[in-house]
Every structure is written in C-alpha cells, then in structure tokens.
Amino acid sequence: MGEFELIAAIARSCRTLPDNGFEGIGDDCAVLPVGDGEALVFTCDALCEGVHFLRDAISPEALGAKTLAVNLSDVAAMGVRPVATLLALSLPADLDAGWAERFVAGYTAASERSGVALVGGDTTRSTSGVVLSVTAIGRGPAAHLKRRRDARIGDAIFVTDRLGASAAGLRDLLAGRCGTPLAEIHRTPQAEIEAGPWLGEQPAVHAMMDLSDGLASDLRHILAASHCGAAIDLDAIPVAAGATLDDALGGGEDYKLLLTVSATAADGLASAFEARFGRPLYRVGRIEAADDAALRWLRDGNPVVGDWLGFRHF
Ligand code: ADP
Ligand code: MG
C-alpha cells in the first residue's frame, strides 16, 4: 500500500468527526473553528534521517530551521498565519555532543524570525536515526481559509515562485557536491508565511496548497478534491536557475504555493502580489471541466502527448 492509499484508508476509518465544524484529513491542515469567525489550523510533518536528510550533509542549525519551515509551509498554504509549534525529538545515542542543542538553536532562531512560539513537544531515544516531528498551529479568520477543494472551472493557476531548485540541489548533495548554491537552497527552504496569509485575504483566490512533492503530483490533489481537470502550459513553468523542467514539475520540497484564482481577477491579483512582494506571481495554466482529475500538458497551446514526462512522482 502506497502513502496516498494508506492515508485514504486512515481517512475512511475515522470518517466521523465531532459535530463542531472540524475539518479533518485531506487538506494541508485540519481546521477547528473557535468562534467569533476565527479558526485554528493544525498540521504535522516528520523528517527522518536517511529519508528526508543525511546527518552529515546539513548542519544541525540548518536542519532545525528546515524542520520548522516545512511545517509552517502547510499553515501558510491554508491562507493564515502560524502561531505556535510542538516539537518531538527522537534522538539516537551516537549523536555528536552538542548536536541537539545546535538543532534546537536553529529551530528556535527560525521560530523567532517567523513570530512563532515553541510551546511544547516530546524528547525520546531513537534506535534508528534522528526523527524530528513537528505539530504546527495557525490562526486566522475562518473566511480566509483556502482549501484544495475550491478550484472552479476557468480559474487561472499560479505558483508563487520559480520551481525546481530544491530538487536540483538534492541532486548536487547526493553527488557529494554539498557546497553548491542549489544544495544550499535545498537545505534552507523558505516557507511562504507572508504570501500565504496575504493570499488568504484575497477572495479571488479559490484553492491553495503548498508544493512539497512537485507541481505535477500536487496539482492532482487540487483536481481530485475539486472534481475538475487542468491544462498546464509547459512554456510558462518558471524553472529556477540551474534546475530542469523535470525538476520544476516532478521535484519535491520547493515549499512554494500553488493556487487557483478567479479568471476575471487573475491579472489584477498578479499585479497586486508583485506590488506587495516585489516579485511576480507565475501563471502556469487553467482549471478545466473533467471528472477524473485529468491533467493536460500544452506546448505552444498544443497538447503534448506521450509519456516522455518521466517524473518520479507519476
Ligand atoms: P502534506 O504534504 O500537505 O503534509 P500529506 O500528503 O502528508 O500532506 O497528507 C495529506 C493529508 O493526510 C493531510 O490532511 C494529513 O493531515 C493527512 N495524513 C497524513 N498522514 C496521516 C496519518 N498517519 N494519520 C492521519 N492523517 C494523516
Ligand atoms: Mg502541504
């Protein structure tokens, strides 16, 4: 059973939620309305040594900041601000002296920069490498929340930055080139914690999620949840310097945002975003009618057929 089948099975087995407006499994965060038009959102992501990082390829401080960033990214993807985290540390006996302290220093410095409080957690021994697990909590107006299920036919599809640098950096790291600028980008993701809440305030933004597995894979979650399809213009994909189109579409860990916007408001929103953040919002395609989350790839406006798009996540 793959990751997504397992999550679907878990979701089926806990379908009954308390009758209090909870929204559970299926989006970047769970949602708990708390009254007065406000909601809390919750997310949990773990980083495991040997799966998500190599202990000797990243400093403990940078790993601390990254562990926080990947969790704040899911809060930003809901369109609200992160406010607090809980940190569970599972640490093996063979850690270098000072490693845990340096990790926590990186985590707490990044928390301070992000205006997020570390309010609890857990600390245990691990017999199989470092395992870092964070629960992040966000808060904001319930009306600002953006979900994967709200894309509408005709929406323009945008991403908030150039894509693929993290995947290209991972390739450098795995080849032993740990000092390249791309490897540094892979080690130091920057979650969109300012852009996310700003986009949350925009009624023209319909669906939103963060890009952790690559556009080609992640967009399918929006399409499946919104019961629609999409056409993506390959010429419009903003490929990061040093990355390939495959990195941009199939590589993971960019932690940028993917959103759909009412077609009539799309140009205005892109201009307002650029005025606010001093960088563009990239329009990459549109939402179409389809009942099977169909994703069409276009080049020069013409459909690209065949299976040459050899993404890892297909
Ligand atoms: P993301 O990449 O945004 O972190 P995931 O693909 O990890 O999202 O998870 C998709 C959805 O499934 C989320 O709503 C998440 O909370 C839920 N989920 C993932 N793993 C589990 C689990 N073991 N138990 C319950 N819910 C889970
Ligand atoms: Mg996510």
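Residues numbered from 1 in each chain as written. Chains lettered and ligands numbered in written order. Predicted model: local features only at pLDDT ≥ 70, side-chain atom pairs only at ≥ 80, totals over all residues. Heavy atoms only, no water.

### A closer look at the coordination of the magnesium ion (ligand 2)
Around the magnesium ion (ligand 2), the protein supplies Asp 28 (OD), Asp 74 (OD) and Asp 210 (OD) as donor atoms, at distances of 2.0 to 2.1 Å. Read in sequence order, the donor residues coordinating the magnesium ion (ligand 2) give the pattern D-x45-D-x135-D. With Asp 28 in the loop between α1 (3–13) and β1 (30–35) and Asp 210 in strand β7 (residues 205–210), this pair connects stretches of sequence that are 182 residues apart. Asp 210 sits in the buried class, given a relative accessible area of 2%. (Donors = N, O, S within 2.8 Å, 3.2 Å for Na, K, Ca; no water. Helix = DSSP H or I, 4+ residues; strand = E, 2+ residues; numbered from the N terminus. Buried < 20%, exposed > 50% of the residue type's maximum accessible area, 1.4 Å probe, protein only.)

### Some thoughts on the sheet that holds strand β6 (residues 156–159)
Backbone-to-backbone hydrogen bonds join strands into a sheet, with any given pair of strands oriented parallel or antiparallel. As summarised here, the arrangement of the seven strands in space is β7-β9-β6-β10-β8-β11-β12, forming an open sheet in which the pairing is mixed. Each edge of the sheet is formed by a strand with only one pairing partner; in this case those strands are β7 and β12 (302–303). Direction of pairing for strand β8 (residues 229–233) relative to strand β11 (residues 295–299): parallel, over a ladder of four bridges. Along β11, the bridge assignment pairs Ala 230 with Leu 295. In the packing of helix α7 (residues 215–226) onto the sheet, contacts are made with β6, β7, β8, β9 (257–261), β10 (282–288) and β11, and the angle to β7 comes to roughly 135 degrees. (Pairing = 2+ DSSP bridges. Contact = heavy atoms within 4.5 Å. Axes fitted to C-alpha atoms, helices over the stretch in contact; angles between N-to-C directions.)

### Side note on the site of ligand 1
Neighbouring ligand 1 are Glu 3, Phe 4, Ile 7, Ile 10, Ile 25, Gly 26, Asp 27, Asp 28, Asp 45, Asp 74, Arg 148 and Ser 212. Contact with the protein chains covers 65% of the free accessible surface of ligand 1, which is 560 Å². Taken together, the residues of the shell around ligand 1 break down into four nonpolar, two polar and six charged. (Near = heavy atom within 4 Å. Areas by Shrake-Rupley, 256 points an atom, 1.4 Å probe, with all protein chains shown as cover. Nonpolar A, V, L, I, M, F, W, Y, C, P; charged D, E, K, R; others polar.)

### Examining the confidence of the model for the chain
With 96% of its residues at a pLDDT of 70 or more, the chain has an overall mean of 94. Low pLDDT, under 50, characterises residues 310–314; the stretch is placed with 16 contacts to residues that sit more than four places away or in other chains. (pLDDT = per-residue confidence, 0-100.)

### Quick word on the packing of aromatic side chains
In this structure the tally under the stated criterion is five aromatic pairs. Between Trp 198 and Phe 277, the ring centres sit 5.7 Å apart and the planes meet at 85 degrees, which makes this aromatic pair edge-to-face. In this pair, Trp 198 sits in helix α6 (residues 195–200) while Phe 277 sits in helix α9 (residues 266–277), placing the two residues 79 residues apart along the sequence. For the pair shown, Trp 198 and Phe 277 are each scored as buried. A network of ring pairs unites the aromatic residues Trp 99, Phe 103 and Tyr 107 as a single cluster. (Phe/Tyr/Trp six-rings, centres within 6.5 Å; stacked < 30°, edge-to-face > 60°.)

### Describing the nonpolar core
Note on soluble globular proteins: their nonpolar side chains tend to be buried together. Leu 63, Phe 103 and Leu 132 are the most contacted members of the largest nonpolar core, which totals 33 residues. Excluding its chain neighbours within four sequence positions, the residues that come into contact with Leu 132 are Asp 45, Ala 46, Leu 47, Phe 53, Leu 63, Thr 67, Ala 88, Leu 89 and Phe 103. Counting residues in hydrophobic clusters, the runner-up holds 27 residues, among them Leu 219, Leu 223, Ala 248 and Leu 295. (Core = buried A, V, L, I, M, F, W, Y, C linked by side-chain atoms within 4.5 Å.)

### Quick notes on the pattern of salt bridges
Note that side chains of opposite charge can pair when their charged atoms are close. Within the structure shown, the criterion is met by 20 salt bridges. Lys 256 serves as the salt-bridge partner of Asp 161, at 3.6 Å between the closest nitrogen and oxygen. With Asp 161 in the loop between β6 and α4 (165–174) and Lys 256 in the loop between α8 (245–250) and β9, this pair connects stretches of sequence that are 95 residues apart. A relative accessible area of 23% places Asp 161 in the partly exposed class. Between Glu 288 and Arg 296 there is a salt bridge, with the nearest N and O atoms lying 2.7 Å from each other. For Arg 296, a relative accessible area of 32% puts it in the partly exposed group. Connected through salt bridges with shared partners, the residues Asp 161, Glu 192, Lys 256 and Arg 279 form a single ionic network. (Salt bridge = Lys/Arg side-chain N within 4 Å of Asp/Glu carboxyl O.)

### Here's the deal with the packing of helix α2 (residues 60–76) against helix α3 (residues 99–114)
Direction vectors running N to C along α2 and α3 enclose 45 degrees, while the axes themselves pass 6 Å from each other. By the angle class used here, α2 and α3 are oblique. Pair α2 / α3 crosses with right-handed handedness. When α2 is examined against α3, the residues Pro 60, Glu 61, Leu 63, Gly 64, Ala 65, Thr 67, Leu 68 and Leu 72 are found in contact with a partner set consisting of Trp 99, Arg 102, Phe 103, Gly 106, Tyr 107, Ala 110, Ser 111, Arg 113 and Ser 114. Split into classes, the residues belonging to the contact of α2 with α3 amount to nine nonpolar, five polar and three charged. (Parallel < 35°, antiparallel > 145°, perpendicular 65-115°, else oblique. Left-handed = near helix turned anticlockwise from the far one by under 90°.)

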